[in-house]
Amino acid sequence: MPHLVLHHTANLDGFDADAALAAANRSLVDSGHFDDVAIKSRALALDHFRIGSADSGHGFVHATLKIMPGRSVDTRAALGHAVHDALASCLPPLALHCQLCVEVVELQAATYIKSTHAPGGVPETCP
């Protein structure tokens, strides 16, 4: 935990999603709330999207940070700002209007199922 899902429009020339994920992951580790190997992040480029009624000239980066419940609103806001700032530092100069958004979502602990599978081993959740 956590999961970071990054959606971005494919028209952001020069945006390096891998570098953005690396920066966001570093910010999460630096927060002191997560172990390095617990962070799972991925980016998805969107070829088909709309922003308002415009045909072009707009793009966005939207990150969803999914975490287990129990952290205060202030902590969740600080995590969101840390991810936002990390992603903002990775945006190149753009020739279009771009919105950068981050939302922090608490997962339902009762329905989040996780196991860890080591190479050649048995899942850690097995008795």
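Data block above holds the structure.
This section reports on the structure supplied with the text. Model, not experiment: these values are computed from the prediction. Every residue gets a number counted from 1 within its own chain, in the order that chain's sequence is written. Since the coordinates come from a predicted model, pLDDT governs what is reported: local features require at least 70, and pairs of side-chain atoms require 80 or more to be given and counted, while whole-chain, interface and lining totals use all residues. For side-chain calculations, the full set of non-hydrogen atoms in the structure is used, while hydrogens and water are omitted.

**Re the sheet that holds strand β3 (residues 58–67)**
Next, step 1: By the convention used here, strands pair only if DSSP detects at least 2 bridges between them. Here a strand is any run of E in DSSP of at least two residues, a helix any run of H or I of at least four, and the numbering for each starts at the N terminus. Taken in spatial order, the 4 strands of this open sheet run β2-β1-β3-β4, and their pairing is mixed. Whereas interior strands pair on both sides, the edge strands pair on one side only; in this sheet they are β2 (40–46) and β4 (97–106). Ignoring strand direction, the axes of neighbouring strands in this sheet form an average angle of 10°.
Next, step 2: As defined by bridge partners, strand β1 (residues 3–9) adjoins β2 across 7 bridges and the pair is classed as parallel. The partner of Leu6 across the bridge, within β2, is Ala43.
Next, step 3: Packed on one face of the sheet, helix α1 (residues 17–30) meets β1, β2 and β3 and runs near 145° to β1. Helix axes are fitted to C-alpha atoms over the stretch in contact, other axes to C-alpha atoms as well, and angles between N-to-C directions run from 0 to 180 degrees. Every residue pair with non-hydrogen atoms within 4.5 Å of one another is taken to be in contact.

**Some details on helix α2 (residues 73–88)**
Next, step 1: Helix span, expected: 1.5 Å multiplied by one less than the number of residues in the helix. Taking 1.5 Å per residue, 16 residues should reach 22 Å; α2 reaches 22 Å between its end C-alpha atoms and fits that length.
Next, step 2: Taken as a whole, α2 has its buried residues at Thr75, Leu79, Gly80, Val83, Ala86 and Leu87. Seen along its axis, α2 keeps its buried residues to an arc of 140°; they face one direction. In α2, those exposed residues whose orientation departs by more than 90 degrees from the buried face are Val73, Asp74 and His81.
Next, step 3: In the core, the buried residues of α2 are packed alongside β1, α1, β3 and β4. Here the term buried applies to any residue with accessible area under 20% of the maximum for its type, exposed to any over 50%, and partly exposed to those in between, with areas from a 1.4 Å probe on protein chains only. Comment: arc refers to directions from the helix axis out to C-beta atoms.

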